[in-house]
Amino acid sequence: MGRKKVYGYVRVSSADQNEERQMAAMQEKGVAETNIYVDKQSGKDFNRPKYVELSQKLEKGDLLYILSIDRLGRSYREVQEQWRILTKEIGIDICVIDMPLLDTRHGKDLMGTFIADLVLQILSFVAESERDNIKKRQEQGIAAAKERGVRFGRPGVSTPEEFPRIVGEWERKNISFSVALEKSGLSQATFYRKLREYRMAQGKIV
């Protein structure tokens, strides 16, 4: 077994995030850029190429830096499983930069290990609970907005005031279909949809 190595793992969980803060934290800890592995995708599962590549390189006694515990997973179960694999099966040390209590290099006695495991469980549970709460609040907010009449999705195309006149001219063959489209400012599909709505409103059979 060779000299112990220091690694960093960075995960960007969505397309609108960037890894600058995580990278800066790794550099402050002196992690060589070549030893920092970055995944820019969802943490829905662990089929992440850089994470897999990193885990295959890790050897007993190596040190892994992560900025926060949720970089290891998106659920309580996932975080626990990855922590167990890394620290117990592979035998590396992990330092969670945002949570100094989660540094397996310190307190390797029974009490220290117990405290670290307890903190990990609490943080993992809180992180998952917060995600669930955010999701529930979003769902409640959408439901409340719908009750107030807020419509989601692409805004509907408004029908011009002169639409009935344009339809009448077109039906009387005074203007061509292309002219009717041009006057109404609608696409062909939207024109036909608005025409159905208009005829239904007039009590006509569609």
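Please refer to the structure placed before this passage.
Residues numbered from 1 in each chain as written. Predicted model: local features only at pLDDT ≥ 70, side-chain atom pairs only at ≥ 80, totals over all residues. Heavy atoms only, no water.

**Observations regarding the overall build of the protein**
- Helix and strand counts for the protein stand at seven helices and four strands.
- Counting the 206 residues in the protein, one finds 34% classified as buried.
- For the protein, contacts bridging at least 24 residues in sequence account for 61% of all contacts bridging at least 6.
- Of the roughly 13,500 Å² of accessible surface on the protein, a fraction of 52% belongs to carbon and sulfur atoms. (Helix = DSSP H or I, 4+ residues; strand = E, 2+ residues; numbered from the N terminus. Buried < 20%, exposed > 50% of the residue type's maximum accessible area, 1.4 Å probe, protein only. Contact = heavy atoms within 4.5 Å. Areas by Shrake-Rupley, 256 points an atom, 1.4 Å probe, with all protein chains shown as cover.)

**Looking at the pattern of salt bridges**
- Under the counting rule described, the total for this entry stands at eleven salt bridges.
- The partner of aspartate 70 in a salt bridge is arginine 71, and the shortest N-O contact between them spans 3.1 Å.
- For arginine 199, the salt bridge is made with glutamate 171, and the minimal N-O distance between the two is 2.7 Å. Here arginine 199 is found in helix α7 (residues 188-201), whereas its partner glutamate 171 is found in helix α5 (residues 163-171), with 28 residues between them in sequence. (Salt bridge = Lys/Arg side-chain N within 4 Å of Asp/Glu carboxyl O.)

**What about a nonpolar patch on the surface?**
- Nonpolar side chains collect at one region of the surface, where Leu101, Phe114, Ile115, Leu118, Ile122, Phe125 and Val126 lie side by side and expose about 680 Å² of accessible area between them.
- In this fold, valine 126 is placed in helix α4 (residues 110-147). (Patch = residues over 30% accessible without salt bridge, like charges linked within 9 Å, V, L, I, M, F, W, Y side chains within 5 Å.)

**Focus: helix α1 (residues 20-28)**
- Looking at α1, one finds that the buried residues are Gln22, Met23, Ala25 and Met26. Along the axis of α1, the buried residues cluster in a sector spanning 160 degrees; they form a single face. Set apart from the buried face of α1 by more than 90 degrees, the exposed residues are Glu20, Arg21 and Glu28.
- In this structure, the buried residues of α1 make contact with β1 (6-12), β2 (36-40) and β3 (63-66).
- Positive phi shows up at glycine 30, right after α1, with a value of about 80 degrees. (Arc of directions from axis to C-beta.)

**Considerations on the nonpolar core**
- With 19 residues, the main nonpolar core has Leu64, Ile69, Trp83 and Leu86 as its most contacted residues.
- Contributing elements (two or more residues each) for this core: β1, α2 (49-57), β3, α3 (76-90), β4 (93-96) and α4.
- Examining the composition of this core, we find that three residues originate from one element, α3, more than from any other.
- Aside from chain neighbours lying at most four places away, what touches isoleucine 69 is Val79, Trp83, Val96, Leu102, Leu120, Leu123 and Ser124.
- One finds Met23, Ala25, Val31 and Leu63 within the second-largest nonpolar core, a separate group that totals eleven residues. (Core = buried A, V, L, I, M, F, W, Y, C linked by side-chain atoms within 4.5 Å.)

**A look at α5**
- When α5 is considered as a whole, its buried residues turn out to be Phe163, Ile166, Val167, Gly168 and Glu169.
- Packed against the buried residues of α5 are α6 (177-184) and α7.
- Looking one or two residues beyond α5, the residue adopting positive phi is lysine 173, at roughly 65 degrees.

**A look at the packing of α6 against α7**
- In contact at an axis separation of 10 Å, α6 and α7 are set at 85 degrees when each is read in the N-to-C sense. Relative to α7, α6 is oriented roughly perpendicular. Residues Phe177, Ala180, Leu181 and Ser184 of α6 lie in contact with α7, whose contacting residues are Gln188, Phe191 and Tyr192.
- The residue makeup of the contact of α6 with α7, split by class, is five nonpolar, two polar and no charged. (Axes fitted to C-alpha atoms, helices over the stretch in contact; angles between N-to-C directions. Parallel < 35°, antiparallel > 145°, perpendicular 65-115°, else oblique. Nonpolar A, V, L, I, M, F, W, Y, C, P; charged D, E, K, R; others polar.)

**Quick look at the sheet that holds β4**
- Strands sit in the order β2-β1-β3-β4 across an open sheet of four strands; the sheet is parallel. Edge strands, defined here as strands with exactly one partner in the open sheet, are β2 and β4. Averaged over all neighbouring strand pairs, the angle between strand axes comes to 20 degrees, with direction disregarded.
- Pairing between β1 and β2: five bridges, direction parallel. Paired with glycine 8 across the bridge in β2 is isoleucine 36.
- Sitting on the sheet, α1 is in contact with β1, β2 and β3, with an inclination near 170 degrees to β1. (Pairing = 2+ DSSP bridges.)

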